[in-house]
Structure formats: structure tokens, C-alpha cells
Amino acid sequence: MRQISIVARTAVLVIIGALLFANPVRAAEIHVVTSGAFTAAYLELVPEYERATHNKLVTEFGPSMGTTHNAIPIRLERGETIDVVIMAAPALDGLIKQGKVRADSRVDLVQSLIGMAVKAGAPKPDISSVDALKRTLLAAKSIAYSDSASGVYLSTDLFPKLGIWDQIKSKSRKIEADPVGGVVAKGEAEIGFQQISELRPVKGIDIVGELPPGAQTVTIFAAGVPTTSKQPDAAKALIRWLASPAAQSAIKKSGLEPVKN
């Protein structure tokens, strides 16, 4: 039965690939840079896409925001040849306004929620309500957050709104370019916050849960074609494929929710 299921799925993928590429493009090498939230789903989808289309994906990773060497805006600023970027929608919109990403190529892919993690086996603090989250933040010995979309929201919006930023700032640490979960797993931070899909693949941590209603924010991650692309047609076709039903199973498995386009 399992073999039949695999065969059926493969057949569906081949059909979808044929439909998406009805106007054939020669096998292309497509350069992709994706932010962390979409990474787990993307890595599962790469082999399926390459089998269905015979194109080759050359992949690098970088945050949607920030000033680190591998951040997507910094890569485009220095003129890197990139065919597809996958990143937080607000940051992508900024690049479109700057003329660095083609406006007609933008497609929303997924919705993402922020979660909190502790070191594996450690007690799980209560974050079931805004008040409980506030108490947990005040009691924590150390706090880690990312330098990208989730961390920007926490440090510039949520923590100040809770009225505790001045009290927790000195014990809070922004993690640049690396997974927050890794810092928590090493015991370098007692609690850490990042997109759920970025926490899930990290070994050595337990995910406490999502931020509660009233503290949570939904981040849309979208894809676009930079103006530096040398394969714009193949790039747009890849984005259509990532937004198609063929990608939804891997997306949901990673802790994300597909956006209906």
C-alpha cells in the first residue's frame, strides 16, 4: 500500500511539473536564497522539484533582515546573481520598492507563527496567556531572539508593549544569522524565541509552544525574482510550483501554513 502511495504521489508531481512548465524552459540552474522559516520545507521539496523539472537548484541561506554578510538585502546590495529569494513579506516589499526585486514576481507562500523553546529536558515555563508570558520573561535568567522578522517584532513591538523591555533588555541577546534554538540547546540562553518552523529542526531543545493570543503575530513569507536573475522565467515557474498543491504537505509538516493564492 505504501509503495502504491509513493508511486501515485510521484505521478501527481510529474503531472504538476508538466502543467507548470507547459511553455518549456530548457533545464536551468536556478540560484535560490531562502530565509530560515522556509528552510525545512524547502529542503524537503528540492528533490521533488528537481525530479519533476530536471532543473537544478543551487541554494544558499540568509535572514530576511539585518546587516550580516549573508542577509538577503545585503546580498542584493552587493549585486549577487540570485534568481529567487524567499523571505519575510515586509522585507521583500521593501526590496521591491527599491527596485531590487521584480514587483510582478511576488507570491505569498506561507504563514508563520513565533514559538518559544527551552533546552531539552528543562522545565517548560507557562506562556499560555499574555500575563503568563510576561511573568516568564521577567523570571528568565537569559533570553535569546533572532535578528530577523520574529526578533524585530519582539524587541521593537511586543516587549516594549508589555512594559518590561527596560527590565529584560540586559539579559536579552539578539542572535545574528544563526538559529536561536542552537543557542538554547547549548545552554547559552534559558529561553529562546523564533519562528516555529525554525525551531523544529533543532536538536537539543523542547518547544514550549506558540506565543499566546494577544502576543502572537503572523508573518507571511513570500518569494520573488530579483532584478539580478539570469533565469527569470524558470525562477517564476519555481515560485508557482512552491505555491502549488504539490508543496503543501511539506509546508505543513514544517510547522507552516500554506497561503491560498
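A short tour of the structure in this document, coming up. No experiment lies behind these values; they were computed from the predicted model shown.

Conventions we followed
- Residues numbered from 1 in each chain as written.
- Predicted model: local features only at pLDDT ≥ 70, side-chain atom pairs only at ≥ 80, totals over all residues.
- Heavy atoms only, no water.
- Helix = DSSP H or I, 4+ residues; strand = E, 2+ residues; numbered from the N terminus.
- Buried < 20%, exposed > 50% of the residue type's maximum accessible area, 1.4 Å probe, protein only.
- Pairing = 2+ DSSP bridges.
- Contact = heavy atoms within 4.5 Å.
- Axes fitted to C-alpha atoms, helices over the stretch in contact; angles between N-to-C directions.
- Expected span 1.5 Å × (residues − 1).
- Bend = angle between axes of the 7 residues up to and from the residue.
- Parallel < 35°, antiparallel > 145°, perpendicular 65-115°, else oblique.
- Nonpolar A, V, L, I, M, F, W, Y, C, P; charged D, E, K, R; others polar.

Re the overall build of the protein chain
Working step 1: A count of helical and extended segments in the protein chain gives 11 helices and 11 strands.
Working step 2: Within the span of the protein chain, comprising 261 residues, buried residues form 49% of the whole.

Overview of the sheet that holds strand β3 (residues 84-88)
Working step 1: Taken together, six strands build an open sheet; the order of strands is β2-β1-β3-β10-β4-β11 and the sheet is mixed. Unpaired on one side and paired on the other, β2 (56-61) and β11 (257-258) mark the two borders of the sheet.
Working step 2: Two elements, strand β1 (residues 29-34) and β3, share three bridges in a ladder whose sense is parallel. Residue pairing across strands places Thr34 opposite Ile86, the latter belonging to β3.
Working step 3: Each of β1, β2 and β3 is contacted by helix α2 (residues 39-53), which is oriented at about 165 degrees to β2, the strand it contacts most.

Let's talk about the pairing of β3
Working step 1: When you tally the buried positions in β3, you get five out of five residues, the bulk of the element.
Working step 2: Pairing analysis gives four bridges linking β3 to strand β10 (residues 219-224), with the strands arranged antiparallel. Paired with Met87 across the bridge in β10 is Ala222.

Here we look at helix α6 (residues 149-162)
Working step 1: The end-to-end C-alpha distance of α6 is 19 Å, a good match for the 20 Å that 14 residues give at a rise of 1.5 Å each.
Working step 2: The axis of α6 is deflected most strongly, by about 40 degrees, at Ser155.
Working step 3: Every buried residue belonging to α6 is among Ala149, Ser150, Gly151, Tyr153, Leu154, Ser155, Leu158, Phe159 and Leu162, and all of these are buried.
Working step 4: Two residues or fewer past α6, Gly163 is found with a positive phi of approximately 80 degrees.

Let's talk about the packing of helix α5 (residues 130-139) against α6
Working step 1: Look at α5 against α6: their axes get within 10 Å of each other, and the N-to-C directions meet at 95 degrees. Put simply, α5 runs roughly perpendicular to α6. The segment α5 lies against α6, with Val130, Leu133, Lys134 and Leu137 engaging Leu158, Phe159 and Leu162.
Working step 2: Here the residues of the contact of α5 with α6 are counted per class, giving six nonpolar, no polar and one charged.

With respect to the sheet that holds strand β7 (residues 172-175)
Working step 1: With mixed pairing, five strands are arranged side by side in an open sheet as β7-β6-β8-β5-β9. One side of each edge strand has no neighbouring strand; the edge strands of this open sheet are β7 and β9 (205-210). Strand after strand, the sheet turns through a mean of 30 degrees between neighbouring axes, direction not considered.
Working step 2: Relative to β9, strand β5 (residues 114-119) is paired through five bridges, and the arrangement is antiparallel. What sits directly across from Val118, in β9, is Asp206.
Working step 3: Here α5 sits on the sheet in contact with β5, β6 (143-146) and β8 (191-195), set at roughly 130 degrees to β8.

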